Amino acid sequence: MDGRLSGATVRIIMASVLDLIGNTPLVEVTRIDRGACRLFLKLESANPSGSLKDRPARTMIEAAEADGRLKSGGTIVEATAGNTGLGLALVGGRKGYRTLLVVPDKMAREKVLHAKAMGAEVVTTRSDVGKGHPDYYQDLAETIARRTPGAFFVNQFANPANPQAHETTTGPEILRQMDGDVDAIVVGVGSGGTLTGIGRFMRDASPKTAMILADPEGSVLAPYVETGRMGQAGSWAVEGIGEDFVPPNADLDLLSHAFAIPDAESFACARDLLRAEGVLAGSSSGTLLAAALRYCRAQAAPKRVVSLVCDSGAKYLSKVFNPIFLAQEGWSPSSHACARPTSRTFRSSTRAGTSSAWSTRATCWPPSSPRATIPTRPLRARSSR
Ligand SMILES: Cc1ncc(COP(=O)(O)O)c(C=O)c1O
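Worth saying up front: this structure is predicted, and the values here are computed from it rather than measured.

### Thoughts on the site of the ligand
- Within the structure, the ligand sits among 19 residues, and Gly188, Gly190, Gly240, Ser284 and Cys310 are positioned closest to it.
- Within the residue set of the shell around the ligand, elements represented by two or more residues are helix H7 (193–205) and helix H10 (283–297).

Here it is, written out as structure tokens:
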């Protein structure tokens, strides 16, 4: 296996922490019921800033260096309170650039503190305004970039170097680690870089590999894949994935199926993953695991399925793994959505407080119908990325 350990033992001393980006390990899930399938998780949490976003952070910065959009002494500007900001702060800081992040004020405190600790400047703005308002985080970042000499506005939602990172690294790594035999890959969509990059690579290198979307309930993406119609976005607690628009970087035509996962099930899956397998993963990884398990358990024939641990659960100790937060949301810390898959007693509370048995909500949607017009600009800030 051409995995992280074999590479690391060959070259024990790295020239830079940036050389630790990528070549992440793959771990098989063995203690949670996968039906007839084998399920593997790629631990993107092993990247230096703790998420899959280190990969596009590096390619977006290096593409801008290569074509002259970012020069020595320049400033990297992005609207993000999520993992992209951490990746940019890491790569930008290591390369000697100033990094300025525009952050909506409701965003996760741990991530903001982490970015500041790496030397990033953080501008906090309102989270109660939408696209078009001058204080909306993406509009404000664009304005700051325009007014800052030597600024490079990253714009992960439309920057082609974002999916390129996954097309040239994550996709090939998965296929190599799986000895060229992968039936399905389960991903989430924030900016769309992961889906589009891995999906494009697999379309060419392994056409049998199906791309499956794991989406938080409330996001417009899974219903859009099902019906071709753009609905109204709700709200969700999972961070980093789910959208209220279709980002230009998200090629939804690559998808075969989409699952909408309630927050309570995502959080419970992240907790079960830690208890059962010892893998500390964030809330979105819980969404991906829940969707992967639904997919696996629905298969009649054995399949080889891969999903991602998108980021470390250490970023969410105060939420996913905090009984007080769970109680405030009306969720039971002792519910085991993954560990007791056949139980009909698990009930998931929506943020509005209604409940329903999760097994009745297990929707698996084929992308059958033609799509309606795609809005390509954000309607509202939804979650950090
Ligand atoms: C925390 C987190 N951020 C971002 C993403 C998605 O990344 P992208 O922006 O490539 O769609 C994921 C994907 O699953 C995620 O879990």
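So much for the structure itself; the text now carries on.
### Examining the environment of Val29
- Tracing the chain through its elements places Val29 in strand E1 (residues 26–29).
- Judged by local crowding, Val29 falls into the buried class, with 23 C-beta atoms found within 10 Å.
- Along the backbone, Val29 and Ala276 are 247 residues apart, and their C-alpha atoms lie at a distance of 8.9 Å.
- Every residue in contact with Val29, bar those within four places of it in the chain, is listed here: Arg34, Leu39, Leu41 and Glu277.

### A look at helix H3 (residues 83–95)
- Taking 1.5 Å per residue as the helical rise, H3 with its 13 residues ought to reach 18 Å, and the 18 Å between its terminal C-alpha atoms agrees with that figure.
- Among the 13 residues of H3, 10 are classified as buried, and the element is accordingly described as predominantly covered.
- Looking at H3, one finds that the buried residues are Asn83, Thr84, Gly85, Leu86, Gly87, Leu88, Ala89, Leu90, Val91 and Gly92.
- For H3, the secondary structure elements touched by its buried residues are helix H2 (54–66), strand E3 (75–79), strand E4 (98–104) and helix H4 (109–117).
- Looking one or two residues beyond H3, the residue adopting positive phi is Gly96, at roughly 90°.

### Some words on the sheet that holds strand E6 (residues 151–153)
- The sheet built from 4 strands is open, its strands ordered E5-E4-E3-E6 with parallel pairing. For this open sheet the edge positions go to strand E5 (121–125) and E6, each flanked by a neighbour on one side alone. Shown here is a sheet whose adjacent strand axes are inclined to one another by a mean of 20°, direction ignored.
- In this sheet, E4 lies alongside E3 in parallel orientation, the contact comprising 5 bridges. Opposite Ile76, over in E4, you have Thr99 as the bridge partner.

### Focus on the nonpolar core
- By size, the foremost hydrophobic cluster in this structure holds 70 residues, and its most contacted members are Ile185, Val186, Val187, Leu213, Ala291 and Ala292.
- For this core, the element with the most residues is H10, which contributes 8 residues.
- If we skip the residues at most four places from it in the chain, Val187 touches Thr194, Leu195, Ile198, Met211, Leu213, Ala214, Leu288 and Leu308.
- Counting 32 residues, the second largest nonpolar core, distinct from the first, contains Tyr97, Leu100, Tyr136 and Ala141.

### Focus on helix H6 (residues 161–177)
- For H6, spanning 17 residues, the distance from its first C-alpha to its last is 24 Å, which sits close to the expected 24 Å at 1.5 Å a residue.
- Its maximal kink placed at Glu167, H6 deviates by approximately 30°.
- In the segment just after H6, Asp179 is the residue with positive phi, at about 55°.

### Structural notes on the environment of Lys53
- By the secondary structure assignment, Lys53 is in the loop between strand E2 (38–43) and H2.
- A C-alpha to C-alpha distance of 9.4 Å links Lys53 and Ala165, two positions 112 residues apart in sequence.
- The contact partners of Lys53, leaving out residues within four places of it in the chain, are Asn83, Thr84, Leu86 and Gly87.

### Quick look at the confidence of the model for the chain
- When the pLDDT values of the chain are averaged, the result is 85; 83% of them are 70 or greater.
- Every residue in residues 340–382 is under pLDDT 50, and counting partners more than four places away or in other chains gives 85 contacts.

### Some details on the packing of H6 against H7
- For the pair H6 and H7, the least separation of the axes is 7 Å and the interaxial angle reads 55°. In terms of their interaxial angle, H6 and H7 are classed as oblique. The way H6 lies across H7 gives a crossing that is right-handed. Counted together, Asn162, Pro163, Gln164, Ala165, His166, Glu167, Thr170, Gly171, Pro172, Ile174 and Leu175 of H6 and Gly193, Thr194, Thr196, Gly197, Ile198, Arg200, Phe201, Met202 and Ala205 of H7 form the full contact between these two elements.
- By residue class, the composition of the contact of H6 with H7 is 9 nonpolar, 9 polar and 2 charged.

Calculation criteria
Residues numbered from 1 in each chain as written. Predicted model: local features only at pLDDT ≥ 70, side-chain atom pairs only at ≥ 80, totals over all residues. Near = placed C-beta within 6 Å. Helix = DSSP H or I, 4+ residues; strand = E, 2+ residues; numbered from the N terminus. Buried ≥ 20, exposed ≤ 12 C-beta atoms within 10 Å, placed from the backbone. Contact = placed C-beta atoms within 7 Å. Expected span 1.5 Å × (residues − 1). Pairing = 2+ DSSP bridges. Axes fitted to C-alpha atoms, helices over the stretch in contact; angles between N-to-C directions. Core = buried A, V, L, I, M, F, W, Y, C linked by C-beta atoms within 7 Å. Bend = angle between axes of the 7 residues up to and from the residue. pLDDT = per-residue confidence, 0-100. Parallel < 35°, antiparallel > 145°, perpendicular 65-115°, else oblique. Left-handed = near helix turned anticlockwise from the far one by under 90°. Nonpolar A, V, L, I, M, F, W, Y, C, P; charged D, E, K, R; others polar.

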